[in-house]
Amino acid sequence: MTPRLLQGSGAIADAAILAGCRFFTGYPMLPFTELLEEMARKLPAAGGVCINAQSEIEAVNMALGAAATGARAATGSCGQGISLMQEGIAELALNQLPLVVFNMARGQQDYFQSTRGGGWGDYRTITLAPKDIPEAVAHTQLLFHLADRYRTPVILYGDYVIAHTSVGIEIEALDFGPLPPKDDWALDGTMSGTGRARQTWTWARGKPNTPGPGPSAAWESIAEKYAAIERSEQRFETYRSEDADILVVSFGTTSVFVDRVVDELREEGLAVGSFRPITLWPFPAEGLAEATHGCAHVLVYELNAGQMVDDVRMYAADRSVIRSIGGVSQDDSGMRQGDLLNADEVRQRVRQAVATPASARQ
Amino acid sequence: MERAVLLTGIGGQGVQLAARTLAVAAVQSDLEVMVFGSYAGLMRGGNTDATIIIGDAPLRSPPTVAWAQAALVMHHEYWSGVRDRLVPGSVVVVDRSVFKGEMGWAGGTAVEIEATGVATEMGNGRGGAMVALGALAAASGLVDLDHLQAAAHEVLPSYRAEHAKANADALAAGFALVADPVALVWLAPARAQ
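Here the structure is a predicted model, which means the values were calculated and not measured. (Residues numbered from 1 in each chain as written. Chains lettered and ligands numbered in written order. Predicted model: local features only at pLDDT ≥ 70, side-chain atom pairs only at ≥ 80, totals over all residues. Heavy atoms only, no water.)

A. Spatial organisation of the overall build of chain A. Each helix and strand in chain A was counted, giving 13 helices and 16 strands. The C-alpha radius of gyration of chain A comes to 21 Å, within 12% of the 21 Å expected for a compact globule of 362 residues. By principal-axis analysis of the C-alpha atoms, chain A measures approximately 70 × 45 × 35 Å. Within the span of chain A, comprising 362 residues, buried residues form 56% of the whole. (Helix = DSSP H or I, 4+ residues; strand = E, 2+ residues; numbered from the N terminus. Rg over C-alpha atoms; globule rule 2.2 N^0.38 Å. Buried < 20%, exposed > 50% of the residue type's maximum accessible area, 1.4 Å probe, protein only.)

Have a look at this one:
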């Protein structure tokens, strides 16, 4: 197969459809808009439905309804629109419904939103942050699998760079193994309002003839599920970190710039490596602890006021060597990262941090 | 080996279409390609830029770069941001029908052509970027004319298909303006330092 030149949004749409997504809805908001347009163009031909909702709140609740029938469903926005979806995402978690949420973010300021969530209740959202389009294609397919496997909403943390960059790419179906059947929970309309009717959630009390476990037991069960996810779904990547004295931690597309700088500084003789959480949640705690062991500098380069650094502080081998070297960086258009998404800036900040005496650190 | 091409102009000149045409031609030439276009909401009259990374192996470069080996310049307004990133030995195609003033650059080979003028004479007044792209391909040795012309058909949506032949002709006209490659992109250094 000859590669095709595809923009990131189009490649993600192809991957979603290849993964079996048959219901997609959203409200236009750059840089998510192109993904919605691509799905609107392509999904009907695959036998699916794409709806341009009237708001993000409407979109997430439409998607919830589709997910409740067992359909592979997805929605998305940028971080601002996903703020409006928080109630729906929490309800999806509570109802144990699978949904893929695409955050085509305008920057890196949605780390807390993705990893902590803004809805109520004890839930988490598995969040994958691809570094480039080929990885976004793989992550999209993996997320549909994970959503079904764990019956939970999941997030792809993309951005303007992934949405708007084009690459020559072949999109191939990935096989992640078998999944449990959906026929014991999906609402199929075949049982009406009798005592046998299915429910997704009414405080887990069930019905008179089929009592449920109750809210506390239901939440305990959900909590156990997220604990299992945390144990088994951590993903990360290291680059030239084996002998690194200086480790730069970054996520998403920023990591491509960091790795370029790692190569350049290695040529200059600096023992630099990088660490990239692929899953923002569950954060790869053990991987980071191992990678940071013995490092004199752990430098966190994220384009926000300091969000992922909280997780790095929790899990690094030595908190005293951690330093934030990124910062808020927004393009004048407001649609994407600004000047700090730049290899020269990364290089300069790494050099400066390494040259700063420990006593002068924050 | 990876090399970068920068394209700059103002909205409406066809910079993004030229970038996509070059990228498709490179894909069809079995090269690895990445394109990052920047145009935000500035569809007409504002800055429009594109960065194309081309390589002969899976790309490791980020989508925006500090150094480039070739450029297509359709307007003087945003030339300085391109100029400062060109390594010694680069090749630049400039549309002199639009570009005003001195280039102030002696770091490589400038191919100055009346791209928009040539396109207008061909009855394709908005095909200046295609003429310039044809010239850039000839001057840099990046891709051949056949792949470029095939790409001109592929990049247009079906409702614009009637313009594909005119664009392919504009590419050929630009290609013909440069007799031989003047600065092979693959021979230029990766970085200035």
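From this point, the discussion proceeds with the structure in view.
B. The arrangement of the overall build of chain B in detail. Along the backbone of chain B there are six helices and six strands. Relative to its length of 193 residues, chain B is compact, with a C-alpha radius of gyration of 15 Å against a globular reference of 16 Å. The principal-axis extents of the C-alpha atoms in chain B amount to approximately 45 × 40 × 40 Å. In chain B, buried positions account for 52% of the 193 residues. Looking at chain B alone, contacts between residues at least 24 apart form 62% of all its contacts between residues at least 6 apart. Carbon together with sulfur atoms contributes 53% to the accessible area of chain B, which is approximately 7900 Å² in total. Between the mean site of the 12 positive side-chain charges and the mean site of the 18 negative ones, chain B shows a separation of 7 Å. (Contact = heavy atoms within 4.5 Å. Areas by Shrake-Rupley, 256 points an atom, 1.4 Å probe, with all protein chains shown as cover. Lys, Arg positive; Asp, Glu negative; His and termini not counted. Charge placed at Lys NZ, Arg CZ, Asp CG, Glu CD.)

C. Just the interface of chain A and chain B, in detail. Counting from both sides, the interface comprises 22 residues of chain A and, opposite them, 20 residues of chain B. Buried area between chain A and chain B, both sides added, is near 1800 Å², and the carbon and sulfur share of it is 54%. Considering only the side of chain A, the residues that lose the most area to chain B are L5(A), F257(A) and R260(A), jointly responsible for 28% of the buried surface there. In this structure, the connection of chain A to chain B is made through two salt bridges. Residue D263(A) is joined to R60(B) by a salt bridge in which the shortest nitrogen-to-oxygen separation is 3.8 Å. Inspection of the chain A/chain B interface yields four residue pairs in polar contact (both at pLDDT 80 or more). Taken together, the elements giving at least two residues each to the side of chain A that touches chain B come down to β1 (4-7), α8 (160-164), β8 (165-169), α10 (254-267) and α13 (343-355) of chain A. Considering only residue class, the side of chain A that touches chain B consists of nine nonpolar, six polar and seven charged. (Buried area = accessible area lost by both parts, 1.4 Å probe. Salt bridge = Lys/Arg side-chain N within 4 Å of Asp/Glu carboxyl O. Polar contact = N/O pair within 3.5 Å; in protein donor to acceptor, adjacent residues only side chain to side chain. Nonpolar A, V, L, I, M, F, W, Y, C, P; charged D, E, K, R; others polar.)

D. Structural context of the side chain of T279(A). Residues and elements named next belong to chain A. Considering the arrangement of structural elements, one finds T279 in strand β14 (residues 279-281). A relative accessible area of 0% places T279 in the buried class. With residues up to four places along the chain from it excluded, the contact list for T279 reads T127, L128, E233, Q234, R235 and P284.

E. Inspection of the nonpolar core at higher detail. Ranked by internal contacts, the top residues of the largest apolar core, which has 84 residues, are F24(A), L35(A), M39(A), F102(A), M104(A), W79(B) and V92(B). Residue contributions to this core peak at nine residues, all from helix α7 (residues 133-150) of chain A. Ranked by size, the runner-up nonpolar core spans 52 residues in total, among them A18(B), L22(B), A23(B) and A50(B). (Core = buried A, V, L, I, M, F, W, Y, C linked by side-chain atoms within 4.5 Å.)

F. Local environment of empty space enclosed by the protein. All names here are of chain A. The final tally for this structure, using the stated rule, is two cavities of 30 Å³ or more. By volume, the largest cavity amounts to about 50 Å³. As for the largest cavity, its lining consists of G107, Q108, P130, Y157, G158, D159, I162, F251, G252, T253 and Q337. Sort the elements by how many residues they give to the lining of the largest cavity and strand β7 (residues 153-159) lands first, with three residues. (1 Å grid on protein atoms, 1.4 Å probe; cavity = no way out; pocket = protein on both sides within 12 Å on 5 of 7 lines; lining within 4 Å. Points joined across faces, edges and corners; volume = space filled by probe spheres on them.)

G. Representation of helix α12 (residues 308-315) of chain A within the structure. Looking at α12(A), one finds that the buried residues are M308(A), V309(A), D311(A) and V312(A). The buried side chains of α12(A) occupy one side of the element, clustering within an arc of 155 degrees when seen end-on. (Arc of directions from axis to C-beta.)

H. Representation of the sheet that holds strand β3 (residues 49-52) of chain A within the structure. Residues and elements named next belong to chain A. Spatially, seven strands are ordered β3-β2-β4-β5-β7-β6-β14 in an open sheet, and the strand pairing comes out mixed. The open sheet has two free edges, formed respectively by β3 and β14, since each of these has just one partner strand. Strand-to-strand, the axes of this sheet are offset by a mean angle of 20 degrees, without reference to chain direction. Sheet topology note: the strand β2 (residues 23-26)/β3 ladder contains four bridges and is parallel. Across the sheet, the residue bridging to F23 is V49, located in β3. (Pairing = 2+ DSSP bridges. Axes fitted to C-alpha atoms, helices over the stretch in contact; angles between N-to-C directions.)

I. Representation of the domain arrangement of chain A. All names here are of chain A. The domain boundaries assigned to chain A delineate domain 1 (4-169) and domain 2 (236-360). Between the C-alpha centres of domain 1 and domain 2 there is a distance of 27 Å. Facing 26 residues of domain 1, the contacting portion of domain 2 comprises 28 residues. The contact between domain 1 and domain 2 buries some 2500 Å² in all, and 57% of this surface belongs to carbon and sulfur atoms. When the buried area of domain 1 at its contact with domain 2 is split by residue, Q108, Y111 and K131 rank highest and sum to 32% of it. Linking domain 1 with domain 2 are three salt bridges, by the criterion used here. (Domains from an automatic or database assignment.)

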